[in-house]
Amino acid sequence: MQTSFTPEQLADPHVAESEKILRRCVHCGFCTATCPTYVTLGNELDSPRGRIYLIKDMLENDRPADAEVVKHIDRCLSCLACATTCPSGVDYMHLVDHARVHIEDTYRRPLVDRLIRWSLAKVLPYPSRFRLALGLARVARPLAPLLDRVRPLKPLAAMLALAPRAVPPATAAENPPASPAPDSRRGRVAILSGCAQPVLDPGINAATRRLLLRLGVEIVTPQGEGCCGALVHHMGREAEALDFARANVDAWTAEIETGGLDAIIITASGCGTTIKDYGHMLRLDSDYAERAARVSALAMDVTEYLATLDLPRLESRGMTVAYHSACSMQHGQKITLQPKLLLKAAGFTVKDPAEGHLCCGSAGTYNILQPEISAQLKARKLTHVEATRADVVATGNIGCMTQLGSGLSMPIVHTVELLDWAYGGPKPARLS
């Protein structure tokens, strides 16, 4: 794609990076076939190619975002299926990230939209606030049908619909103490505690800890670790995202420099995609660039790490698992085979639902901010998952579990919960 940025514009490193990304696009349109919003809506401006044209026009003319641009960028799930498909290697992720920051800096959203986004940014990344909000949501749930009738308030209705009817009580497992080193230690790792996941399902990290400890892996809990920053990052609130990233880099660097770390284990693939990008996000920060790159290099999805430990092959369990590959896993991190191979080695029969490349509609806060499109994608995904006639669904992302769980006739669990069970741990609660 030909561009005409001025030398003054290219002096901005963010613009310069976007210009390089834009120039790689050859307008081929391969991305349209795998873009969930284009497949659903059929609008060229709701395809990656269409959004690239909008972003180019906005940045090249150095103008504020307008309502039309915002509408189509907001509809992007950041699922990155387009990046997997693109034959030219267009780095769409960083281009749309830049566009969202530009929107946040130059566009004034309607009041209700601003308040909802502010609330999400100030609640979801903080476990105690999120737990309180879920308690309030149970009380407010009867208001959901009324809110759903007013278009600006639809995100509030979606929030209430997504809120679980029961929240596990806060336990020490959410912030466990450092584990002693096993006698025959096979590694030393930190596990990201996370923000929303330990509130919605603390059993995921608990299963991870049990499994790793039985395999002889020492687990440490760095002080000062918090939200990875993904939620605010994808809303264009870059200053907040970078603050979260710096805090985590500080926490993990302290462990790296004292006892060393073989990996930083992440059990929510949405978080993993962002943490693996810390090196890029903080590349212009001279105080953090090198340490952030080191942290990104150590970040591993739990299945990615388990695949290095050569787990024994087990007898068949007579259970069929439909594996739902989260977008942040398959497109963001390019992890496609390890989870399925681990499940097969553990004795499960694994099935792939049709259209596995298409997003389920969760995408961080997307199912709140774009509930109508999200609902269409959810229905499409549920049809394909149910067609497998599996006994259970496994995935590696809490957002997908929340999105799909309410509509499935079969239980949905985290992949690591099945692996923990197969290798000596308790049966996952959702299977009981």
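Heads up: the structure comes first, above all this text.
Note that this is a predicted model, so its numbers are computed, not measured.

How each quantity is defined
- Position labels on residues start from 1 in each chain and follow its written sequence.
- Per-residue local features of the predicted model are confined to residues with pLDDT of at least 70, and side-chain atom pairs are confined, for both listing and counting, to 80 or more; whole-chain, interface and lining totals are unaffected and use all residues.
- The basis for the side-chain values is all heavy atoms of the structure; hydrogens and waters are excluded.
- Here an angle of 0 to 180 degrees is reported between the N-to-C directions of two axes, which are lines fitted to C-alpha atoms, with helices fitted over the stretch in contact.
- Helix and strand definitions follow DSSP, with helices as H or I runs of at least four residues and strands as E runs of at least two, each counted in order from the N terminus.
- By the definition adopted for this analysis, an angle is roughly parallel if under 35 degrees, roughly antiparallel if over 145, roughly perpendicular if from 65 to 115, and oblique otherwise.
- Whether two residues touch is decided by their heavy atoms; if any such pair falls within 4.5 Å, the residues are in contact.
- Polar here means any residue other than Ala, Val, Leu, Ile, Met, Phe, Trp, Tyr, Cys and Pro, which are nonpolar, and Asp, Glu, Lys and Arg, which are charged; Gly is therefore polar.
- Each aromatic pair joins two rings of Phe, Tyr and Trp (for Trp, the six-membered one) with centres within 6.5 Å, and gets the label stacked for planes under 30 degrees apart, edge-to-face for over 60, and tilted for any other angle.
- Think of it in three bands: residues with accessible area under 20% of the maximum for their type are buried, residues over 50% are exposed, and the middle band is partly exposed, with areas taken using a 1.4 Å probe on protein chains only.
- Pairing between strands is defined by DSSP: at least two bridges between them are needed.
- When a carboxyl oxygen of Asp or Glu is within 4 Å of a side-chain nitrogen of Lys or Arg, the pair counts as a salt bridge.

In this section: the packing of helix α15 (residues 238-258) against helix α18 (residues 289-298). Contact geometry for α15 and α18: axes closest at 10 Å, N-to-C directions at 75°. With respect to α18, the axis of α15 lies roughly perpendicular. When α15 is examined against α18, the residues V249, D250, W252, T253, I256 and E257 are found in contact with a partner set consisting of R291, A292, R294, V295 and L298. Tallied by class, the residues present in the contact of α15 with α18 amount to six nonpolar, one polar and four charged.

Moving on to the packing of aromatic side chains. Applying the stated criterion across every chain yields a total of two aromatic pairs. Between Y126 and F244, the aromatic rings sit 5.9 Å apart at their centres with planes inclined by 50°, giving tilted as the arrangement. Placement of the pair is Y126 in the loop between α8 (111-123) and α9 (127-140) and F244 in helix α15, with a sequence separation of 118 residues. What makes Y126 partly exposed here is its relative accessible area of 28%. Taking relative accessible area as the criterion, F244 reaches 13% and is therefore assigned buried. Between F348 and W421, the aromatic rings sit 6.3 Å apart at their centres with planes inclined by 45°, giving tilted as the arrangement. Taken together, the residues span a long stretch of sequence, with F348 in the loop between α21 (338-345) and β6 (349-351) and W421 in helix α25 (residues 415-422) at a distance of 73 residues.

This part is about the sheet that holds strand β1 (residues 187-191). Across the sheet, which stays open at both edges, the four strands sit in the order β2-β1-β3-β4 with parallel pairing between neighbours. A single partner strand is all that each edge strand has here, and the edge strands are β2 (217-220) and β4 (299-301). For this sheet, the mean angle separating the axes of adjacent strands, direction not counted, is 40°. Packed on one face of the sheet, α18 meets β3 (263-266) and β4 and runs near 25° to β4.

Moving on: the sheet that holds strand β7 (residues 392-395). Pairing is parallel in the open sheet, where four strands are placed in the order β6-β5-β7-β8. Edge strands, defined here as strands with exactly one partner in the open sheet, are β6 and β8 (412-414). Strand-to-strand twist across the sheet, computed as the mean angle between neighbouring axes with direction ignored, equals 35°. Here strand β5 (residues 320-323) pairs with β6 via three bridges, running parallel. Counted as the bridge partner of A322 is K351 from β6. Together, β5, β6 and β7 form the strand contacts of α21, whose direction differs from that of β5 by roughly 175°. Sheet contacts for helix α24 (residues 398-405): β7 and β8; angle to β8, the most-contacted strand, approximately 175°.

We now examine the pairing of β7. Both faces of β7 are covered, namely the face carrying V392 and A394 and the face carrying V393 and T395. Pairing of β5 with β7, which is carried by three bridges, proceeds in the parallel orientation. Each bridged residue has a counterpart across the sheet, and for Y323 the counterpart in β7 is A394. Where β7 meets β8, three bridges bridge the pair, whose relative direction is parallel.

This part is about the pattern of salt bridges. Tallying each qualifying case throughout the model produces 31 salt bridges. Where K154 meets E372, a salt bridge forms, and the shortest distance between an N and an O atom there is 3.9 Å. With a gap of 218 residues between them, K154 in helix α11 (residues 154-162) and E372 in helix α23 (residues 371-387) connect regions that are remote in the sequence. Note on K154: relative accessible area 16%, which makes it buried. Judged by relative accessible area, which is 38%, E372 ranks as partly exposed.

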